[in-house]
Amino acid sequence: MPPAGVPTVPGRGGVALVASLLGFTVITIDVSAVNIALPAIGKSLSGGMTGLQWVVDAYTLMFAALMISAGALADRAGARRAYAWGVSLFTLASLGCALAPGIGVLVGARVAQGAAAAVVMPASLALIRQSYDDARARARAIALWTVGGSVAMAAGPVLGGLLTESAGWRAVFLLNLPVGAVILGLLARVPRSARRPAAVDGGGQLTAVLTLGGLAFAVIEGGHLGWTSGPVLGAAVLAVASGYAFRVVEARHPRPMVPLGMLKDRRVAVALAVGFAVNAAFYGGIFLLGLYYQQLRGMSGVAAGLMFVPMSAVVTATNLLSPRLAERIGRRPVIVAGQLIFTGAMLAMLPLAAHTPVWLVLVLLLPLSAGGALAVPALTALLMDAVPGERAGTASGLLNSFRQTGGALAVALFGGLLSGSGGSFSLPGMRIGLLAVAALLTATAALSRLLLPRS
């Protein structure tokens, strides 16, 4: 018999892990690399701040809204098949982004990219979950998967800046084509995944999309149309009504895409709240910094991207350290510490101004790198252990849906606050956003300390 934690087909678990890492990496790089390319996109396609916010949030909103049912799709269709579908669609949508003639077409292609990424994310994690039976080996594989995503998020701005300056912003999307081909080649060597029959929850998916879409529209357009304007109030009402309808539909559906009973587990509920807050801080921070470097300080795309290099190193080191710390002192202290470090990062950025010394900016950003990298591996492993194996795809989709929603709303919030008179970068608006995210992280850190188990 093979030793515990080794897949039944020799070597195939490693191939599955590599394929999962590549997919998670490419959909994550796409987020942070595009943030650096935004000023170039705005100049090329004549998109204002609102248009640039939608370029980011069209992706993250579809990512968030569809990921819940996409996690169930990974359980129903089998992780390998669902993963192949998601990678294929993501590759084609990337080509559409690269060829977009205007901001509207680009936003539409980003919607398709987000829908594909929603399938890729939970299917990649479910593929790992199904390839390793031993909890310790699985935790290490998940840690590597998390490291890949975190490094990609931190390294994406560097790659985005280099590609934008050397070949134009369209190259950021063209890069995804060869990577998609490699992933599909690797999947041919991975054994078929088990399939679990489940009903389609169309009502739950529709109400989820309407809830998140209405909420994002209200936050993004509120800063431009006015918070009491008819469209903004209508979107807010739609979000509230759809959110209530989602709860009703899920409670009555025989096979809901989000089993409400799962949310009664404290570990699951806290993991979702923390995932939301951590991504709000990280996505919001990357979006803010990309504009701060280029619009306020006048840096080139390459220079702005290189400012994220120290973050990449800190993210990598902290991600490798996090699982070891969690094994030694427990997951709860690691998760709480990560959020408190992130809170410090938000507060540390408050003094940033146009002429803040570059070395000081880099020092102030170190907590931004360490906070999420410390908390997320322990958080993901906690959630995977809190649910049965056959619900791995659903749980993964739910966690990442909350994370992406936090990121999308943070981008919407910061985008509205950062736009000053004449489209200039607003430092007071930046500081309001940072304080809001710091307050959210403080609240979720307190919840983690009170509600998560000690061990």
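### Section: the overall build of the protein
Move 1: Within the protein, the regular secondary structure consists of 17 helices and zero strands.
Move 2: Here the C-alpha radius of gyration of the protein, 21 Å, is about what a compact globule of 455 residues would show, namely 23 Å.
Move 3: By its C-alpha atoms, the protein is 65 × 45 × 45 Å across when sized along the principal axes.
Move 4: With 455 residues in all, the protein has 58% of them scored as buried.
Move 5: For the protein, the share of sequence-separated contacts (at least 6 apart) that also reach a separation of at least 24 residues comes to 83%.
Move 6: Only carbon and sulfur atoms are counted for the fraction: they give 68% of the accessible area of the protein, which is about 17000 Å².
Move 7: Computed over 31 positive and 13 negative side-chain charges, the inter-centroid distance for the protein is 3 Å.

### A look at the pattern of salt bridges
Move 1: Counted under the stated rule, the structure contains three salt bridges.
Move 2: One salt bridge connects aspartate 30 with arginine 110, and the closest N-O pair in it is separated by 2.5 Å. Of the two residues, aspartate 30 is situated in helix H1 (residues 12-45) and arginine 110 in helix H4 (residues 103-131); the sequence distance between them amounts to 80 residues. The same class applies to aspartate 30 and to arginine 110, which are both buried.

### Things to note about the nonpolar core
Move 1: By size, the foremost hydrophobic cluster in this structure holds 135 residues, and its most contacted members are Ile27, Leu289, Tyr293 and Met346.
Move 2: Ignoring any residue separated from it by four or fewer positions in sequence, one finds isoleucine 27 in contact with Tyr59, Phe63, Phe90, Ala117, Val120 and Met121.
Move 3: Leu61, Ala64, Ala65 and Ala408 belong to the second-largest nonpolar core, a separate cluster that totals six residues.

### Brief notes about the packing of helix H12 (residues 309-329) against helix H13 (residues 331-348)
Move 1: Look at H12 against H13: their axes get within 7 Å of each other, and the N-to-C directions meet at 130°. As summarised for this structure, H12 and H13 are arranged oblique, according to the angle between their axes. Across from Ser322, Leu325, Ala326 and Ile329 in H12, the residues of H13 making contact are Arg331, Pro333 and Val334.
Move 2: Of the residues in the contact of H12 with H13, the class split is five nonpolar, one polar and one charged.

### Observations regarding the confidence of the model for the protein
Move 1: Across the protein, the average pLDDT comes to 83, with 91% of residues at 70 or higher.
Move 2: Throughout residues 1-11 the model reports pLDDT below 50, and contacts reaching past four residues in sequence, or to other chains, amount to nine contacts.

### Structural notes on the packing of helix H3 (residues 79-98) against H4
Move 1: Axis separation between H3 and H4 bottoms out at 7 Å; the angle between their running directions is 155°. Judged by the angle between their axes, H3 and H4 are roughly antiparallel. Handedness of the crossing formed by H3 with H4: left-handed.

### Considerations on empty space enclosed by the protein
Move 1: Going through the model one piece at a time under the given rule, you end up with three cavities of 30 Å³ or more.
Move 2: One number sums up the size of the second largest cavity: a volume of about 50 Å³.
Move 3: Lining the second largest cavity are Gly23, Val26, Ile27, Val87, Phe90, Thr91, Val120, Asn176, Val179, Gly180 and Ile183.
Move 4: Of all elements in the fold, only H1, H3 and helix H7 (176-187) reach the threshold of two or more residues within the lining of the second largest cavity.
Move 5: A per-element tally of the lining of the second largest cavity places H7 first, with four residues.
Move 6: Taken together, the residues of the lining of the second largest cavity break down into seven nonpolar, four polar and no charged.

### A look at the packing of aromatic side chains
Move 1: Enumeration according to the criterion identifies seven aromatic pairs in this entry.
Move 2: Taken together, a centroid distance of 4.0 Å and an interplanar angle of 15° make the contact between phenylalanine 24 and tryptophan 145 stacked. On the criterion of sequence distance, the pair formed by phenylalanine 24 in helix H1 and tryptophan 145 in helix H5 (residues 135-167) is long-range, its members being 121 residues apart.
Move 3: Residue classification places phenylalanine 24 among the buried positions, given a relative accessible area of 6%.
Move 4: Ring plane angle 70° and centroid distance 6.4 Å describe the contact between phenylalanine 282 and phenylalanine 342, whose orientation is recorded as edge-to-face. Taken as a pair, phenylalanine 282 in helix H10 (residues 266-296) and phenylalanine 342 in helix H13 lie far apart in primary sequence, 60 residues in all.

### Description of H13
Move 1: Given a rise of 1.5 Å per residue, 18 residues ought to cover 26 Å, and the 26 Å separating the end C-alpha atoms of H13 matches this to within 8%.
Move 2: Buried within H13 we find Arg332, Val334, Ile335, Val336, Gly338, Gln339, Phe342, Thr343, Ala345, Met346 and Ala348.
Move 3: In the core, the buried residues of H13 are packed alongside H10, H12, helix H14 (358-364), helix H15 (366-386) and helix H17 (427-451).

The rules behind each value
Residues numbered from 1 in each chain as written. Predicted model: local features only at pLDDT ≥ 70, side-chain atom pairs only at ≥ 80, totals over all residues. Heavy atoms only, no water. Helix = DSSP H or I, 4+ residues; strand = E, 2+ residues; numbered from the N terminus. Rg over C-alpha atoms; globule rule 2.2 N^0.38 Å. Buried < 20%, exposed > 50% of the residue type's maximum accessible area, 1.4 Å probe, protein only. Contact = heavy atoms within 4.5 Å. Areas by Shrake-Rupley, 256 points an atom, 1.4 Å probe, with all protein chains shown as cover. Lys, Arg positive; Asp, Glu negative; His and termini not counted. Charge placed at Lys NZ, Arg CZ, Asp CG, Glu CD. Salt bridge = Lys/Arg side-chain N within 4 Å of Asp/Glu carboxyl O. Core = buried A, V, L, I, M, F, W, Y, C linked by side-chain atoms within 4.5 Å. Axes fitted to C-alpha atoms, helices over the stretch in contact; angles between N-to-C directions. Parallel < 35°, antiparallel > 145°, perpendicular 65-115°, else oblique. Nonpolar A, V, L, I, M, F, W, Y, C, P; charged D, E, K, R; others polar. pLDDT = per-residue confidence, 0-100. Left-handed = near helix turned anticlockwise from the far one by under 90°. 1 Å grid on protein atoms, 1.4 Å probe; cavity = no way out; pocket = protein on both sides within 12 Å on 5 of 7 lines; lining within 4 Å. Points joined across faces, edges and corners; volume = space filled by probe spheres on them. Phe/Tyr/Trp six-rings, centres within 6.5 Å; stacked < 30°, edge-to-face > 60°. Expected span 1.5 Å × (residues − 1).

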